[in-house]
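# Fold and contact review
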Amino acid sequence: MEIQARAKINWTLNVVGKRPDGYHLLDMLMQPLALHDTLIIEPSDVFSLRVHGADSLSARDDNLILRAAKALQKAANVSQEAEITLFKRIPMGAGLGGGSADAAAALKGLNALWGLDLDLDILCKIGVELGADVPFCLHDAPRRAQGIGEILTPIKSGVFSLILLQPCAALSTKEVFSAYHASPAIVPADNDQAALALASGNLFGLRQWAGNALESASIPLRPEIRKAKDALYASGAAFAQMTGSGSVVFGAYENPSSAQKAFDELKAHYMPCILTETAN
């Protein structure tokens, strides 16, 4: 079985509270991308994972894919196992949800391979224990995500051409949230207005209403984020922003030809520099 694990971007990210267990409460608009990892899943007498395209990524039991597989096995009370091969394309430590997407793809793929027929709500209950973005990746469609990421509401959004830049070393989520709490008050994104802008395809409107509360906290730690955002705007992006807790910055363009021209300019200065588009 072959299954795609699609990356995501945050059009908005507001921090609205914190639970006693330390999880932050968020309010976000997110959308999957055409950029994806690929999982090949085959029946086997023992769990195993092979990784291609990411030498630094662990293929041991701490990998989210194997954790997802074993969580599903336990929840469904089954003994089946599997051999999984991951072809990694989504940059790591990027805020693109690559690990969560891989875990979600494993849950979906094994649910089908093992004939479990578990519905999406059950898979999401398993997934949220693995990571806050896993339920979104299971839905794999534009959503407003609230709570710790498990409260998902459909939103409308179009297909937009994107360029992704990763201008600096990864930031840990813990490091970014610590910087956020030490930062001056940040004006939150207006998710209702940003959702309307997305639904109408108004990328310039997003510059007024969208925002990522973690971006301004991350820039003092990694000034390259600001430089990459400025470079995207200089190349003609209608909207540019850091995604998630970084370190990838994306630019959205009005049409594919504008994005292609910008990509041809930026790829000489940034690596990785990825040309892709949003997905529905």
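Criteria and thresholds
- Residues numbered from 1 in each chain as written.
- Predicted model: local features only at pLDDT ≥ 70, side-chain atom pairs only at ≥ 80, totals over all residues.
- Heavy atoms only, no water.
- Helix = DSSP H or I, 4+ residues; strand = E, 2+ residues; numbered from the N terminus.
- Buried < 20%, exposed > 50% of the residue type's maximum accessible area, 1.4 Å probe, protein only.
- Polar contact = N/O pair within 3.5 Å; in protein donor to acceptor, adjacent residues only side chain to side chain.
- Contact = heavy atoms within 4.5 Å.
- Pairing = 2+ DSSP bridges.
- Axes fitted to C-alpha atoms, helices over the stretch in contact; angles between N-to-C directions.
- Arc of directions from axis to C-beta.

With that settled, consider the side chain of Lys88. Relative to the elements of secondary structure, Lys88 occurs in the loop between strand E4 (81-87) and helix H2 (98-113). A relative accessible area of 11% places Lys88 in the buried class. Within polar-contact distance, the side chain of Lys88 engages the side chain of Asp37 at 2.6 Å. A polar side-chain atom of Lys88 sits 3.0 Å from a polar atom in the side chain of Asp102. The residues contacting Lys88, other than those within four sequence positions of it, are Asp37, His52, Gly53, Ala54, Leu57, Gly98, Gly99 and Asp102.

Here we come to the environment of Glu175. Within the secondary structure, Glu175 is located in helix H5 (residues 173-181). Residue class for Glu175 comes out partly exposed when judged on its relative accessible area of 32%.

Glancing now at unusual backbone geometry. Cis geometry marks the peptide bond from Gly246 to Ser247; its omega dihedral reads 15°. Here Met271 and Pro272 are connected by a cis peptide whose omega angle stands at 5°. Residue placement: Pro272 occurs in the loop between helix H10 (256-266) and strand E11 (273-277). In this structure, Asn77 is a non-glycine residue whose phi angle is positive, near 55°. Not every positive phi belongs to a glycine, and Asp140 is a case in point at roughly 55°.

Spatial strand order, E9-E10-E7-E11: 4 strands in an open sheet with antiparallel pairing. Two strands bound the open sheet, and with one partner strand each, they are strand E9 (239-242) and E11. Shown here is a sheet whose adjacent strand axes are inclined to one another by a mean of 20°, direction ignored. Strand direction decides the pairing type here: strand E7 (residues 161-165) and E11, joined by 5 bridges, are antiparallel. What sits directly across from Leu164, in E11, is Ile274.

Three or more residues of helix H6 (residues 191-199) are buried, namely Asn191, Ala194, Ala197 and Leu198. Here the buried residues of H6 occupy an arc of 120° about the axis, which is enough to place them on one side. Exposed residues lying more than 90 degrees from the buried face of H6 are Asp192 and Leu196. In this structure, the buried side of H6 is in contact with strand E1 (2-18), strand E2 (24-44), strand E5 (143-147) and helix H7 (203-209). The opening residue of H6, the one whose side-chain oxygen lies 3.2 Å from the backbone nitrogen of Asp192, is Asp190.

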